Number of protein chains: 2
Amino acid sequence: MKTKRPLIFVTNDDSIKALGIRALIKAVQPYGDIVVVAPEKPMSGKGLSITVESPLRVKPIAEYENVKEYAITGTPVDCVKLGIQKVLERKPDLIVSGINHGSNASVNILYSGTMGAAIEGCILGIPSIGFSLLNYSSNADFSATIPFVRSIIEQTLDKGLPKGVCLNVNIPDESEDDIKGIKFCRQAKGRWSEEFEERLDPRGGKYYWLTGKFIYKDGFSDDDQHALENNYVAAVPVQIDLTAHKELNYFNDWNK
Amino acid sequence: MKTKRPLIFVTNDDSIKALGIRALIKAVQPYGDIVVVAPEKPMSGKGLSITVESPLRVKPIAEYENVKEYAITGTPVDCVKLGIQKVLERKPDLIVSGINHGSNASVNILYSGTMGAAIEGCILGIPSIGFSLLNYSSNADFSATIPFVRSIIEQTLDKGLPKGVCLNVNIPDESEDDIKGIKFCRQAKGRWSEEFEERLDPRGGKYYWLTGKFIYKDGFSDDDQHALENNYVAAVPVQIDLTAHKELNYFNDWNK
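Just so it is clear, the model here is predicted, and its values are computed rather than measured.

Rules used throughout
Residues numbered from 1 in each chain as written. Chains lettered and ligands numbered in written order. Predicted model: local features only at pLDDT ≥ 70, side-chain atom pairs only at ≥ 80, totals over all residues. Heavy atoms only, no water. Axes fitted to C-alpha atoms, helices over the stretch in contact; angles between N-to-C directions. Helix = DSSP H or I, 4+ residues; strand = E, 2+ residues; numbered from the N terminus. Parallel < 35°, antiparallel > 145°, perpendicular 65-115°, else oblique. Left-handed = near helix turned anticlockwise from the far one by under 90°. Contact = heavy atoms within 4.5 Å. Buried < 20%, exposed > 50% of the residue type's maximum accessible area, 1.4 Å probe, protein only. Polar contact = N/O pair within 3.5 Å; in protein donor to acceptor, adjacent residues only side chain to side chain. Pairing = 2+ DSSP bridges. Right-handed = clockwise from strand over helix to strand, strands pointing away. Buried area = accessible area lost by both parts, 1.4 Å probe. Salt bridge = Lys/Arg side-chain N within 4 Å of Asp/Glu carboxyl O. Nonpolar A, V, L, I, M, F, W, Y, C, P; charged D, E, K, R; others polar. Least-squares fit on C-alpha atoms with pLDDT ≥ 70 in both. Phe/Tyr/Trp six-rings, centres within 6.5 Å; stacked < 30°, edge-to-face > 60°. Lys NZ or Arg CZ within 6 Å of the ring centre and 35° of its normal. 1 Å grid on protein atoms, 1.4 Å probe; cavity = no way out; pocket = protein on both sides within 12 Å on 5 of 7 lines; lining within 4 Å. Points joined across faces, edges and corners; volume = space filled by probe spheres on them.

Some points on the packing of helix α2 (residues 76-87) of chain A against helix α3 (residues 113-123) of chain A
All names here are of chain A. Their axes nearest at 7 Å, the elements α2 and α3 cross at an angle of 30°. Here α2 lies roughly parallel to α3, going by the angle between them. By crossing handedness, the relation of α2 to α3 is classed as right-handed. Residues P76, V77, V80 and K81 of α2 pack against G113, G116, A117, E120 and G121 of α3.

Written out as structure tokens, the structure reads:
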């Protein structure tokens, strides 16, 4: 029997100042003691990046009600590693990451710092969930996400997640009434195209900004992008074993 | 029938100056026209990190025999994206990344910039392979790796790779005679522990260096860490779909 209140670890990749993490803290506050360890600066697109070439610092930011907040001079994965090993007094019962400003559906999961933190939590054996809203604006309105975030958090605290599995939850940018519910689904096939905008600096030197558009190459009712386009919250169970098990036989006749 | 010589794209995460990429260029030179687009600075542990907060530049470095080299002010994934879209004249037939100074076996694949580049190539539909040597030294001797690197490259150019699959190849730090051959295997379970070294700056402020030791939690004859510990080259077919397909049913009775 659990005697302690759940200890819930909150992080993100848009920085501790982002509206998305403010919404997530508010969403999880009823469920336990909250420790926030999040990047001091924006870390979008950092995936599972870790900081090896410079040291890290922990900065206490705030303490109120049942919440303690710390900023870290590193990536989301650094926050999970350093937070759990040097900030928290015991292993957390749950890690929640986000709410990201922008989609992490389909292959975007692979570049996502939000999901990098959740995947790191999963490697460490802690139930972990990344949440994202399909609105890139720094002023995005997260209010419609709260009931869905809470539903998934309540059920995760109650039932647990399978071993070696975390959740990638993406939420349509719609009103609460227009969101039809939660669908558990698979990662859609897709990729980015036309990704660079070429510019000239004042001295005539070329430089490039990463940009581009997402190409959705899938379109079946069991994929996450399809769920989102049909106004469902898309929840993908994510594993940390990247082995293409079904394809191992392909290499049987290779010279070894 | 292919009428053109293969176009082979070479990148890494240890920077264009590393000995490992020099060994890889030498290894692939017989098989086609070579374009190297690699990070200007070390990018170890960057995973699939992309650069969104600053622009990128391409710097021509060298041109000799059948090789052209460029450095990029970004991550390994930036190199693949920008190289293919703005440097190469046509889509490459093969992407090779490495040879990394240090292991990318087991969960290390998730943090690896070397494998980040290979996974990006795979997303773009190009046969892609990451190579790593189990020696972290910047002065590591890569000579024993060459026959194994070439065997895998020759067979990949000849037979292709399954769609949506790239290869994570790790090579023991042994003499060529002591390496027993190549094993195709799965990603071993493992994690890092005791990851931070705490220090004080001259003003008494705490800071932390990421360090730690790898804990191998697996140990079956079909995993990559086991193959390496038994002096085999370990080749893991890697997929970009992170969905835990087998676990989707677990969520059937969740409220949605």
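Some words on the side chain of A:N168
All names here are of chain A. With respect to the helices and strands, the residue N168 is situated in strand β7 (residues 165-171). Take N168: its relative accessible area is 1%, and that puts it in the buried class. Among the polar contacts made by the side chain of N168, one reaches the main-chain carbonyl oxygen of N104 at a distance of 2.9 Å. At 3.3 Å, the side chain of N168 forms a polar contact with the side chain of N170. Not counting residues up to four positions away in its chain, the partners in contact with N168 are N104, I109, M115, G130, A234, A235, V236 and V238.

A word on helix α1 (residues 19-28) of chain A
Among the 10 residues of α1(A), seven are classified as buried, and the element is accordingly described as predominantly covered. Taken together, the buried positions of α1(A) are A:G20, A:I21, A:A23, A:L24, A:I25, A:A27 and A:V28.

Structural notes on the pairing of strand β5 (residues 94-101) of chain B
All names here are of chain B. Most of β5 is tucked away, with eight of its eight residues classed as buried. Bridging between β5 and strand β6 (residues 128-133) involves five bridges; their strand directions are parallel. Across the sheet, residue H101 finds its bridge partner in β6, namely L133. Of the crossover connections in this fold, the one passing from β5 over helix α3 (residues 113-123) to the parallel β6 is right-handed.

Considerations on the interface of chain A and chain B
Where the parts come together, the accessible area they lose is often given as the size of the interface. Contacts between the two partners involve 73 residues from chain A and, on the opposite side, 73 residues from chain B. Between chain A and chain B lies a buried interface of about 7200 Å² when both sides are counted; carbon and sulfur atoms form 63% of it. Considering only the side of chain A, the residues that lose the most area to chain B are A:Y111, A:L242 and A:W254, jointly responsible for 11% of the buried surface there. Here chain A and chain B share four salt bridges between them. Across the chain A-chain B interface, the total number found is 32 residue pairs in polar contact (both at pLDDT 80 or more). In terms of residue class, the side of chain A that touches chain B is made up of 37 nonpolar, 18 polar and 18 charged.

Description of the relation of the copies chain A and chain B
Expressed as a screw transformation, the operator carrying chain A onto chain B has a rotation angle of 180° and an axial translation of 0.0 Å, and the superposed copies differ by an RMSD of 0.0 Å. Accordingly, the operation relating the two chain copies is best matched by a two-fold axis. The residues that chain A uses at the interface reappear at the interface of chain B in 100% of cases, marking a shared surface.

Re the packing of aromatic side chains
Applying the stated criterion across every chain, the model contains 14 aromatic pairs over all chains. One aromatic cluster in this structure is built from A:F184, B:Y250, B:F251 and B:W254. Directly above the ring of A:Y232 sits A:K183, whose terminal nitrogen or CZ lies 4.7 Å from the centroid.

Points about the sheet that holds strand β2 (residues 33-39) of chain A
All names here are of chain A. As summarised here, the arrangement of the nine strands in space is β3-β4-β2-β1-β5-β6-β7-β13-β8, forming an open sheet in which the pairing is mixed. Only two strands of the sheet have a single neighbouring strand rather than two, namely β3 (58-64) and β8 (182-184). On average, adjacent strands in this sheet sit at an angle of 20° to one another, irrespective of strand direction. In terms of strand pairing, strand β1 (residues 7-11) meets strand β5 (residues 94-101) through four bridges, oriented parallel. Each residue of the ladder has a partner; that of V10, found in β5, is V96. In this fold α1 packs onto β1, β2, β3, β4 (67-72), β5 and β6 (128-133), with an angle of close to 140° to the strand it touches most, β5.

Quick look at the layout of surface pockets
Its volume calculated, the second largest pocket comes out at about 730 Å³. Lining the second largest pocket are 26 residues, and of these A:S44, A:G45, A:Y136, B:I50 and B:V52 sit closest to its centre. Its residues placed into classes, the lining of the second largest pocket shows eight nonpolar, 13 polar and five charged.

Thoughts on the environment of A:V165
Mapping A:V165 onto the fold places it in strand β7. Among the residues examined, A:V165 registers a relative accessible area of 6% and is labelled buried. Here the alpha-carbon distance between A:V165 and A:K81, two residues 84 residues apart in the chain, equals 18 Å. For A:V165, the contacting residues outside a window of four places in its chain are A:C122, A:P237, A:V238, B:A244 and B:E247.

Re the pattern of salt bridges
In total, this model carries 24 salt bridges over all chains according to the counting rule given. B:R57 is paired through a salt bridge with A:D201; the nearest N and O atoms lie 3.0 Å apart. Of the two residues, B:R57 is situated in the loop between β2 (33-39) and β3 (58-64) and A:D201 in the loop between β10 (196-200) and β11 (206-210); the pairing between them involves two chains. Judged by relative accessible area, which is 31%, B:R57 ranks as partly exposed. Here B:E40 makes a salt bridge to B:K59, at a shortest N to O gap of 2.8 Å. One end of the pair, B:E40, is in the loop between β2 and β3; the other, B:K59, is in strand β3, and 19 residues separate them in sequence. A relative accessible area of 32% means that B:K59 is categorised as partly exposed. Because the salt bridges share partners, they merge into one network encompassing A:K81, A:E120 and B:E195.

So, the environment of A:F131
Residue and element names in this part refer to chain A. Along the chain, F131 turns up in strand β6. As a C-alpha pair, F131 and S103 span 28 residues in sequence and 9.2 Å in three-dimensional space. Filtering out sequence-adjacent residues up to four positions away, F131 remains in contact with L24, V96, S97, G98, I99, N100, T114, V149, I152, I153 and V169.

What to know about empty space enclosed by the protein
This structure, assessed with the given rule, holds one cavity of 30 Å³ or more. Computed from the structure, the largest cavity encloses a volume of approximately 90 Å³. For the largest cavity, the full set of lining residues is A:L48, A:I109, A:L110, A:I119, A:L242, B:L48, B:I109, B:L110, B:I119 and B:L242. Split by residue class, the lining of the largest cavity holds 10 nonpolar, no polar and no charged.

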